[in-house]
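Okay, here's what each chain looks like letter by letter:
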Amino acid sequence: MQRGSAWAVSALLLASPASAETLGEAIAAAYETNPQLAAARARQEALAETPEQERALARPTVSVDGDAGYDRQGYGRAGSLTANLALPVWTGGRVSSAVRAANGDVAAGEEGLRDTAAAILQGVVAAYAALLYNQQAVEVARVGIERLDTQVAETRARYDLGQATRTDVAQLEAQRSTVIANLADAEGALATAAATYRAAVGRDAGVLTADVPSPAALPASNDDARRAAEAANPLLLQQRLAVEASTARIDRARAEGAPSVDLGGAYGRGGRLAGGNLRDFEGAASVGMTLRVPLLTGGLVSSRVRQAEANNRAERFQADAAEREAVRRADTAWAMLKAAQGRLRANGEGLSAADLALKGARAEYGFGLRSTIDILVADQSFRAAQLAVALARSDVLVAEAALLRATGRLDRTAYE
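Residues numbered from 1 in each chain as written. Predicted model: local features only at pLDDT ≥ 70, side-chain atom pairs only at ≥ 80, totals over all residues. Heavy atoms only, no water.

With respect to empty space enclosed by the protein
Under the counting rule described, the total for this entry stands at one cavity of 30 Å³ or more. Space inside the largest cavity adds up to approximately 30 Å³. As for the largest cavity, its lining consists of Arg 147, Leu 148, Gln 151, Leu 358, Arg 362, Ile 375 and Asp 379. Sorting the residues of the lining of the largest cavity by element identifies α5 (94-160), α9 (300-366) and α10 (372-406) as the ones contributing at least two each. Counted by class, the lining of the largest cavity contains three nonpolar, one polar and three charged residues. (1 Å grid on protein atoms, 1.4 Å probe; cavity = no way out; pocket = protein on both sides within 12 Å on 5 of 7 lines; lining within 4 Å. Points joined across faces, edges and corners; volume = space filled by probe spheres on them. Helix = DSSP H or I, 4+ residues; strand = E, 2+ residues; numbered from the N terminus. Nonpolar A, V, L, I, M, F, W, Y, C, P; charged D, E, K, R; others polar.)

Below, the structure is given as structure tokens:
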């Protein structure tokens, strides 16, 4: 649709007030306050601690042990205190491979969080589009009633002058009653859409703006959408990172069969209390190296290696499936967007024609060239065209959000 005709259709449909809430404002509010997104961020923060926990296995640890007791054999009350130091010198690759696996999990989790945010924002766009359509449907019905009130009054005046029949008045009143019923349905749907919007955004909505520019990040063609999906779809990237993590777990399983070396040390001192006197024992210290070489594990290590390799193959197959699914979603979203844009253009042209037809029918009715049925048909066609444009406009918003999510471009800045 050309920009000039788009503005004309907007004027025929509804004029948004200057203070109307924009889609970008709704997305910003949801991004900051949505509890599901906050929970996903907290889970990712918890996951981000796992690499540090794996690194801790290669760092020195110090502990203090103490004990006390009573001995009836002559020692009386006695106790001891021992400090222990342990330092892994060589872990056989256990720690480094575990850290790589954990880093892969964290990176995959980041992509999962990105898709969670995109899914929530896509829901916000859908809620905005539904609420916008229902607000417009209510307004179309209200304006239609006002227009029919004017027409009924005019026809009654013509009836009083003998230029119209009672049937003409009844036909207009019947259509007015139908539009009043439509208004009641539209108001009920509006209340439902407002509740959905409140749950998605976290606040009540005012009047929404119908003028939502297309996001600058939309792909220019289907091929561009496919390439973007293969490069940035968060679910696909998450699965590719899961493959890297599972590869590191193969090394971790193999490392269980490698030798390890630890440096250990301890210092202890004790004492006893007998006859009111405290007597210290001699202190003792020790330092040593411990070498562990797994010689026979009963097949446990080899089984774990085979298990890790099988899991890695599964993750690779899942990555192939995720790539196909990413491309499928991009193709589907692109097709939906093109269809919605085509409907919007066609319905916009239909609305302009219906507006012209209604104005012409009403003017010709004043000269007796049109019947009441002509007025009713033209009025009904005009309202239907208004609703068709509003629905197509909402469908475009939904399709654009789906395409942005499929290509990994749906974030809080997409509609700024």
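Further notes follow.
Observations regarding the side chain of Asp 379
Structurally, the position occupied by Asp 379 is in helix α10. With a relative accessible area of 2%, Asp 379 lands in the buried category. When sequence neighbours within four positions are dropped, the list of residues in contact with Asp 379 reads Arg 147, Leu 148, Gln 175 and Leu 358. (Buried < 20%, exposed > 50% of the residue type's maximum accessible area, 1.4 Å probe, protein only. Contact = heavy atoms within 4.5 Å.)

Observations regarding the environment of Pro 60
Summarising the element assignment, Pro 60 is placed in the loop between α4 (50-55) and β1 (61-71). When its relative accessible area of 52% is taken as the criterion, Pro 60 is described as exposed. For the pair formed by Pro 60 and Asp 262, sequence separation is 202 residues and the distance between their alpha carbons is 9.8 Å. Those residues in contact with Pro 60, other than ones at most four positions away along the chain, are Leu 85, Ala 86, Leu 87 and Pro 88.

Brief notes about the pattern of salt bridges
A complete count under the given rule lists 27 salt bridges for this structure. Between Glu 32 and Arg 412 there is a salt bridge whose closest N-O contact spans 2.7 Å. One end of the pair, Glu 32, is in helix α2 (residues 23-33); the other, Arg 412, is in the segment after α10, and 380 residues separate them in sequence. In this structure Arg 412 comes out as partly exposed when scored by relative accessible area, which is 31%. Overlapping salt bridges bring together Arg 100, Asp 251, Arg 254 and Glu 309 as one network. (Salt bridge = Lys/Arg side-chain N within 4 Å of Asp/Glu carboxyl O.)

Digging into the side chain of Ser 260
By the element assignment, Ser 260 lies in strand β3 (residues 260-274). Owing to a relative accessible area of 10%, Ser 260 belongs among the buried residues under this scheme. Not counting residues up to four positions away in its chain, the partners in contact with Ser 260 are Trp 90, Thr 91, Arg 94, Thr 290, Leu 291 and Arg 292.

Focus: the environment of Arg 240
Structurally, Arg 240 is set in helix α8 (residues 234-255). By relative accessible area, which is 32% here, Arg 240 ends up partly exposed. Sequence-wise, Arg 240 and Ala 322 are 82 residues apart; in three dimensions their C-alpha atoms are separated by 8.8 Å. Those residues in contact with Arg 240, other than ones at most four positions away along the chain, are Glu 230 and Glu 323.

Quick look at the packing of aromatic side chains
Enumeration over the complete set of coordinates arrives at one aromatic pair. Centre to centre, the rings of Tyr 128 and Tyr 197 are 6.5 Å apart; their planes meet at 50 degrees, and the pair counts as tilted. In this pair, Tyr 128 sits in helix α5 while Tyr 197 sits in helix α6 (residues 166-201), placing the two residues 69 residues apart along the sequence. By relative accessible area, which is 0% here, Tyr 128 ends up buried. (Phe/Tyr/Trp six-rings, centres within 6.5 Å; stacked < 30°, edge-to-face > 60°.)

Some remarks on a nonpolar patch on the surface
A surface patch of nonpolar side chains, amounting to about 510 Å² of accessible area, comprises Leu 291, Val 293, Leu 295 and Leu 296. Along the chain, Leu 291 falls in strand β5 (residues 284-292). When its relative accessible area of 59% is taken as the criterion, Leu 291 is described as exposed. (Patch = residues over 30% accessible without salt bridge, like charges linked within 9 Å, V, L, I, M, F, W, Y side chains within 5 Å. Areas by Shrake-Rupley, 256 points an atom, 1.4 Å probe, with all protein chains shown as cover.)

Quick notes on the packing of α5 against α8
When two helices pack together, their arrangement is given by the angle between the helix axes and the distance between those axes. The contact between α5 and α8 brings their axes to 8 Å, and the two run at 165 degrees. As the angle between them shows, α5 and α8 are arranged roughly antiparallel. Pair α5 / α8 crosses with left-handed handedness. The class makeup of the residues in the contact of α5 with α8 is 12 nonpolar, four polar and nine charged. (Axes fitted to C-alpha atoms, helices over the stretch in contact; angles between N-to-C directions. Parallel < 35°, antiparallel > 145°, perpendicular 65-115°, else oblique. Left-handed = near helix turned anticlockwise from the far one by under 90°.)

Description of the confidence of the model for the chain
In low-pLDDT segments, the atomic positions of the prediction should not be examined closely. Mean pLDDT over the chain works out to 89, with 89% of the residues at or above the 70 mark. Looking at the elements of the chain, mean pLDDT is at its lowest for helix α1 (residues 3-13), recorded as 48, and at its highest for helix α7 (residues 222-232), recorded as 97. Long-range and interchain partners of residues 1-8, a stretch whose pLDDT sits below 50, account for six contacts in this model, where long-range means more than four residues apart. (pLDDT = per-residue confidence, 0-100.)

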